[in-house]
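# Notes for the structure review
Each chain is listed here by its residues.
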Amino acid sequence: MANITKKVSWSSRGDDSGLAGEGTPLLNGTEIPKPSRQLSGSGSVFRIGRFSTVDLEDDITSEEVKFELPTSLLSFCLFLFYVFDEIKCIHLSLFLEEERRMSHMGFRCLEISRWVICGLIGILTGLIACFIDIMVEKLAGCKYQVIKENIEKFTEVGGLSISLILWAVLNCAFVLVGGIMVAYIEPIAAGSGIPQIKCYLNGVKIPRVVRLKTLLVKVLGVICSVAGGLAVGKEGPMIHSGAVVAAGVSQGRSTSLKRDFKMFEYFRRDTEKRDFVSAGAAAGVSAAFGAPVGGVLFSLEEGASFWNQMLTWRIFFASMISTFTLNFFLSIYHGKPGDLSNPGLINFGRFESDSVAYYYYELPLFMGMGAIGGLLGALFNSINYWLTIFRIRYVHRPCLQVMEALLVAAVTATVSFTMIYFSNDCQPLGPEHNEEYPLQLFCADGEYNSMATAFFNTPERSVRSLFHNQPGSYNPLTLGLFTLTYFFLACWTYGLAVSAGVFIPSLLIGAAWGRLCGILLASFTPTSPIWADPGKYALIGAAAQLGGIVRMTLSLTVIMVEATGNVTYGLPIMLVLMTAKIVGDYFQEGLYDIHIKLQSVPFLHWEAPATSHWLTAREVMSSPVTCFNRIEKVGTIVDVLSNTSTNHNGFPVVVQPAKLCGLILRSQLIVLLKHKVFVELARSRLSQRKLQLKDFRDAYPRFPPIQSIHVSQDERECMMDLTEFMNATPYTVPQDTSLPRVFKLFRALGLRHLVVVDDENRVIGLVTRKDLARYHLGKHGLEELQLAQT
Amino acid sequence: MLPYNLYLFFVFVAICVPSLKCGDVVHLSASESADKLEAVPSLSTAAIVSKPAVDTVFSFSLLSSFPDDLEVSDYCSDLLHIFGQRYVAYVNCLVPAARPVKVCQSCYSTYGNLVEIYNNISSDQMGPGNVTCRDSLLRSDRLMLVYQLYSNLESLWEDSNCAKCVTEHLESLTNDTLYFMATLNQTLTCFEKYQQGNHTELCKNCKSAYGTLNVLYSQMEKNSTLCIDIEDAMNMTRRLWSKNFNCSFPREENVPVIAVSSFMLFLPIIFYLSSFLHSEQKKRKLIHPRRAKSNTSLMNIQDKLS
């Protein structure tokens, strides 16, 4: 989008400045020259043409949607309150005018400030990652230290069940704080946030998803849940945090804090904001995994319908800055300032020794593991799917959600303790103490309980020890039990009302069974055990499991390769992820897609459902449409807007009889009402300052509800001229257009509303995203979802 | 592996040292390599005294000689000679101390001597006749034998962490180490005393001694004043205690642990059951979208498809 805007500005160079200076009031009713007339130079027609392509697409109605909740388990509805984004800019004429006023330098500065913002996004995201990392390390360190001392004491004198209770209570305490914050303060901060960001990048605005409050709750919540010992990771929330940072920084103000820094006002609209949000998401990924390229690819994979080369380059800049900011501050924290070789929250460590080389005959083995990963992933997703439905139906009150989180925390501690207590797997302490908190329990002195390295640790450290500990530091029984329990714990935990990611638990499950595979292989082939290095198989297993659960492809491959820091693993990881995705997709969708579906978000996929060619726009559209006349009575507008049953977002503007002449948004109407831009008032107060684009921007993104606008009885009789403010060139389609074609228009242009007209340009219907997202390919052919209101 | 190599090395050195007079090391080592193995028995005994051995080899190596200015000065060859002696002395001390590990306690003084002579060789200071041996002995050829030999032993010293147990100038063991050894001895004496008969007796009676030792050890671990001798002694003691005498803690509280955990595991079941039974199900109102024709229902779609 940004590019198009730029082009326009380029074409409008020249004598515009003089015109702009005239400052004719824009109020309706006065004899205002239309912008097109103002521009009556030779180039003007051309220019207007361009412009209209810019703006056009905005659109009309919207309903808001929210997803539904299955009455029968398998059907979904789209919820009525998700609002779609305005992908395009608003207000043709106002926008034109501002563009004219801006000099060439002005656009240069804009470009530079885009880079500055990306830099800031990177730095802030890196700092947040750093904060999370250090806090988790400190808190978890204290917790494990206390428990360890307690266990040591009670091993000697008896009373280990007290240690068990202590462990459970400490876990619960952390989770209680996190759970209360999420459940009562900001429920949208629950989970990993990746589904929400995916929707945002897809063009669906989920309420409150990029607020400052969400960021705070997310960051503190994730610290609590990781320190609370749940089977969760802090990587997913990082992506959400990056996105919120980006949305905040690029607007130069915070509506939550009521502070406006008067900066970056130009970027206060959906298109620009979305670009920055994708940069923020990329910065989050790159801070989480130390994978700048992976971050860029993640943004592209999830939000690629609005993509251009300069934007990609800026996104890359943001990710690079973020990973190295994290790096820099962590190096200071670890007492080696300036050492920039430690990127990422999760560090897989280096796979460098000879034993981790792989040979061609191992590739089939890897693919077999990929298939196992796909199967286990599908199982994981199915269980989680049923669990989530249960939660949506029965565990929806905040106090119940907090209680559930507490129970999970307590059970996690209990299960871990029991496993450690009954484990007989003792290993000698290594010389360099890989084990952060070695527990001895009933092992001989000088040995530690190897089950404890897996359970009595933050999940990330467990992953690292599975990757890198010496062959022989785990016995197969330990690994098998660990995989089994952790699989169910992680599955149970995802979807709780705490902010937490699923990346690390997946990696951990996968690493455990992968290592198990490696050990078994080595025992089957006693002659050449060199290639069956358990660490290598742990890595492959981790990739397979993660791929089987989240089903990401390109970006996940690159993230894994970057996180291991070893390009030679590119091929096996790619093969593994492919197999996992193919096998998994056969049974069940990816976890994020499931959750998007369960939240009833009208998410548009890449393609229209395969068998939908026979559907035409006439069948898809909503009809009849609420329209406004070009000069409309204020009373009518207020009534339509306040009608709660038709919560539309965009309205076609018509001249009688029903001929389409434009499209206007609810938010625009509200701003107009607020500033009382009425024909009669304009006559009486000619000197009043004219309404500027700035007024719309200031209102963005929280337009006041219609109820807050007071319109007196007299004013209701006034008229409003919508001509200046509507989008005069909306996209339209004839009524026989097929669904896939409409779908492509929406996906490629990022439309919100598409007016369906007959051959005389009369409005007969309106297609919105929700109308499209309703159709999906189910088991019995094409199915239609119901819309639901919450 | 390492000690064996060293053994060969010192043999090697003993052969080569005297020959340096006549030529450079590479040259000689090649010509002598065949004799090396056969020379082992005699040299290893003779090395300590070293003079006789030198003589025997000397005759072999006098094949040719270089002009004076390229030769190693007498001073340097003396240094080299002493280096050889001390090297041999140190290695001789190390090998018997390999198991159980006592390399720090018994060999620190011989290592001190070796360091001293090596520092002499490698120092910048001019000896008599304004010669410095650093260049001629340490780095005039590709093999850099003296340097290699020394650095091998040096890394061995570093790996063993002996510096932690010995005072700064390698004069004596540190007080910590001596104290640890004393405590260790007490414990071992105790073990010996009760070794006969019932081990539970031993576990009970030696517990305090063993406990003190353990505490002392972990304290030293924290201050990082451990060397290989102490680590190894502690490992052996722990193994004795845990494996041989079977004194580690028994797992005897199964019942309370199982009770508490099954209680915990039971909670979620109650929770889910009660929320299933008592919480009202959240319902959503469906909205009927306005459509041009009433073809929105699933039924119709299916009809149309078929």
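Residues numbered from 1 in each chain as written. Chains lettered and ligands numbered in written order. Predicted model: local features only at pLDDT ≥ 70, side-chain atom pairs only at ≥ 80, totals over all residues. Heavy atoms only, no water.

Here the focus is the overall build of chain A. The helix and strand inventory of chain A stands at 31 helices and 18 strands. Relative to its full complement of 790 residues, chain A shows a buried share of 62%. Across chain A, the fraction of contacts at a sequence separation of at least 24, relative to all contacts at a separation of at least 6, is 78%. Approximately 28,300 Å² of chain A is accessible, and the part contributed by carbon and sulfur atoms is 64%. (Helix = DSSP H or I, 4+ residues; strand = E, 2+ residues; numbered from the N terminus. Buried < 20%, exposed > 50% of the residue type's maximum accessible area, 1.4 Å probe, protein only. Contact = heavy atoms within 4.5 Å. Areas by Shrake-Rupley, 256 points an atom, 1.4 Å probe, with all protein chains shown as cover.)

All names here are of chain A. The topology assignment puts T493 in helix α18 (residues 476-493). Here the side chain of T493 touches L489 through a polar contact of 2.6 Å, landing on its backbone oxygen. Beyond its immediate sequence surroundings of up to four residues, T493 is in contact with L230, A231, V232 and V408. (Polar contact = N/O pair within 3.5 Å; in protein donor to acceptor, adjacent residues only side chain to side chain.)

Let's shift gears to unusual backbone geometry. All names here are of chain B. With an omega of -20°, the peptide bond running from R99 to P100 counts as cis. Relative to the helices and strands, P100 resides in the loop between α4 (74-94) and α5 (103-122). Although it is not a glycine, N161 adopts a positive phi angle of roughly 60°. As for its placement among the helices and strands, N161 is situated in the loop between α7 (145-159) and α8 (175-194). For N161, a relative accessible area of 29% puts it in the partly exposed group. A positive phi angle, close to 60°, is found at L170, a residue other than glycine. Examined against the element boundaries, L170 turns out to sit in the loop between α7 and α8.

The next point concerns a nonpolar patch on the surface. Residue and element names in this part refer to chain A. A surface patch of nonpolar side chains, amounting to about 620 Å² of accessible area, comprises I123, L124, L127, F324, F328, F329, I332 and L340. Elements supplying a minimum of two residues to the nonpolar patch: α6 (104-157) and α13 (309-333). Residue contributions to the nonpolar patch peak at 4 residues, all from α13. Looking at the secondary structure, you find F329 in helix α13. (Patch = residues over 30% accessible without salt bridge, like charges linked within 9 Å, V, L, I, M, F, W, Y side chains within 5 Å. Salt bridge = Lys/Arg side-chain N within 4 Å of Asp/Glu carboxyl O.)

We now examine the state of the cysteines. Residue and element names in this part refer to chain A. The tally for this structure, following the rule as stated, stands at 5 disulfides over all chains. Paired through a disulfide, C426 and C443 show a sulfur-sulfur distance of 2.0 Å. Sign of the S-S torsion, about -85° for the bond between C426 and C443, identifies this disulfide as left-handed. In this pair, C426 is assigned in strand β6 (residues 426-428) and C443 in the loop between β6 and β7 (447-449), connecting sequence segments 17 residues apart. (Disulfide = S-S within 2.5 Å.)

Turning to the domain arrangement of chain B, a few remarks are in order. Residue and element names in this part refer to chain B. If you check the domain split of chain B, you get domain 1 (2-62), domain 2 (69-160) and domain 3 (175-244). Computed from C-alpha atoms alone, the centre-to-centre distance between domain 2 and domain 3 is 36 Å. Summed over both sides, the interface between domain 2 and domain 3 buries roughly 550 Å², with carbon and sulfur atoms accounting for 51% of that surface. On inspection of domain 2 and its partner domain 3, the count reaches 1 salt bridge. The closest approach of N and O atoms between R99 and D232, which form a salt bridge, is 3.0 Å. Counting the contacts that link domain 2 with domain 3 gives 6 residue pairs in polar contact (both at pLDDT 80 or more). Residues that form the side of domain 2 that touches domain 3 fall into these classes: 4 nonpolar, 2 polar and 2 charged. (Domains from an automatic or database assignment. Buried area = accessible area lost by both parts, 1.4 Å probe. Nonpolar A, V, L, I, M, F, W, Y, C, P; charged D, E, K, R; others polar.)

Here we come to the pattern of salt bridges. Residues and elements named next belong to chain A. Taken as a whole and judged by the stated rule, the model has 22 salt bridges over all chains. The shortest N-O distance in the salt bridge between K148 and E152 comes to 3.7 Å. Remark: E152 and K148 occur in helix α6; sequence separation between them is 4 residues, near one turn of the helix. Residue classification places E152 among the partly exposed positions, given a relative accessible area of 40%. E186 is the salt-bridge partner of R208, the closest N and O atoms lying 2.9 Å from each other. Linking R208 in the loop between β3 (204-205) and α9 (212-227) with E186 in the loop between α7 (160-185) and α8 (194-202), this pair joins segments that are 22 residues apart in sequence. Residue R208 is classed as partly exposed on the basis of its relative accessible area of 34%.

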